[in-house]
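# Geometric and topological summary
Spelled out, the chains give:
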Amino acid sequence: MSTEQPIRVTLEQDGGYAFRIRFDDEGMAPLLGDEPAPLGEGRGPNPARLLLAAVANCLSASLLFALRKYHNTPGALRAEITATPMRNAQGRWRIAQAFVDIRLAEGGETHAQLERILDQFEQFCLVTQSVREGIDVAVTVRDAHGRVLLGDRRLESGGA
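Report on the accompanying structure. (Residues numbered from 1 in each chain as written. Predicted model: local features only at pLDDT ≥ 70, side-chain atom pairs only at ≥ 80, totals over all residues. Heavy atoms only, no water.)

### What to know about the sheet that holds strand β1 (residues 9-13)
The strands making up a sheet associate through backbone hydrogen bonding, with each pair oriented either parallel or antiparallel. The antiparallel open sheet is built from 3 strands, whose spatial order is β1-β2-β3. Looking at which strands have only one partner, the edges of the open sheet turn out to be β1 and β3 (31-33). Geometrically, the sheet is characterised by an average inter-axis angle of 30° between neighbouring strands, direction not taken into account. Looking at chain direction, strand β2 (residues 19-23) and β3 are connected through 3 bridges and run antiparallel. Its bridge partner being in β3, I21 is matched across the sheet by L31. (Pairing = 2+ DSSP bridges. Helix = DSSP H or I, 4+ residues; strand = E, 2+ residues; numbered from the N terminus. Axes fitted to C-alpha atoms, helices over the stretch in contact; angles between N-to-C directions.)

Have a look at this one:
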């Protein structure tokens, strides 16, 4: 993935609260996301699980990148992420904290420059660092005629 190019993901409702998620890379199979019962049918991961998976996946890939950068040959990494949704002051569900546990396949003593790697690998993780800093999300809602119902009305001309 080039960090210079936009990332595009398209979702289409697939009944109930399920959405077919299509990625901008033509070679990737779509993914089904769904809310658990009683709201949805639990036919796929819900958005909170996808967010947590993205954080753990990115951290694991960043650690792997950092290990290999210093000519280490790590075995298969294993990561687990845990979070407990909590209500905020307004009573809305939020994920305020997540705990990530990444396991190396071998002892730390087998890796060169491990202290340096551990000091910096999180900085390579686009997802975790973006979530930590907060992402400004602009939302536009349009009707079937392209009219902007919510958001920047300048987009009615067919932009973004």
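### Thoughts on unusual backbone geometry
Omega for the peptide link from A37 to P38 comes to 15°, which places this bond in the cis form. Relative to the elements of secondary structure, P38 occurs in the loop between β3 and α1 (47-69). Even without being glycine, H71 reaches a positive phi, approximately 65°. By the secondary structure assignment, H71 is in the loop between α1 and β4 (78-83). H71 gets classed as exposed once you look at its relative accessible area, which sits at 73%. The phi dihedral of Q113 is positive, around 60°, even though this residue is not glycine. For Q113, the location among the structural elements is in the loop between β7 (98-103) and α2 (114-120). (Buried < 20%, exposed > 50% of the residue type's maximum accessible area, 1.4 Å probe, protein only.)

### Examining the packing of α1 against helix α3 (residues 126-133)
Two elements in contact, α1 and α3, have axes whose closest approach is 7 Å; the angle formed by their N-to-C orientations is 125°. Considering the angle they form, α1 stands oblique to α3. For the pair α1 and α3, contact is made by L51, A54, V55, C58 and L59 and by L126, V127, T128 and V131, respectively. Of the residues belonging to the contact of α1 with α3, the class tally is 8 nonpolar, 1 polar and no charged. (Parallel < 35°, antiparallel > 145°, perpendicular 65-115°, else oblique. Contact = heavy atoms within 4.5 Å. Nonpolar A, V, L, I, M, F, W, Y, C, P; charged D, E, K, R; others polar.)

### As for the packing of aromatic side chains
Enumeration over the complete set of coordinates arrives at 1 aromatic pair. On the basis of an interplanar angle of 75° and a centroid distance of 5.3 Å, the ring pair of F65 and F124 is categorised as edge-to-face. Highlighted residues: F65 in helix α1 and F124 in the loop between α2 and α3, separated in sequence by 59 residues. On the basis of relative accessibility, which here comes to 47%, the residue F65 falls in the partly exposed class. (Phe/Tyr/Trp six-rings, centres within 6.5 Å; stacked < 30°, edge-to-face > 60°.)

### Structural notes on the layout of surface pockets
Space inside the largest pocket adds up to approximately 1,300 Å³. Forming the walls of the largest pocket are 31 residues, and the residues nearest its centre are I7, V9, F23, A54 and V127. Contributing elements (two or more residues each) for the lining of the largest pocket: β1, β2, β3, α1 and α3. For the lining of the largest pocket, the leading source of residues is α1, giving 8 residues. Its residues assigned to classes, the lining of the largest pocket shows 22 nonpolar, 4 polar and 5 charged. Of the volumes computed, that of the second largest pocket is approximately 320 Å³. Forming the walls of the second largest pocket are 15 residues, and the residues nearest its centre are V55, A98, T128, V131 and R132. Of all the secondary-structure elements, those providing two or more residues to the lining of the second largest pocket are α1, β7 and α3. (1 Å grid on protein atoms, 1.4 Å probe; cavity = no way out; pocket = protein on both sides within 12 Å on 5 of 7 lines; lining within 4 Å. Points joined across faces, edges and corners; volume = space filled by probe spheres on them.)

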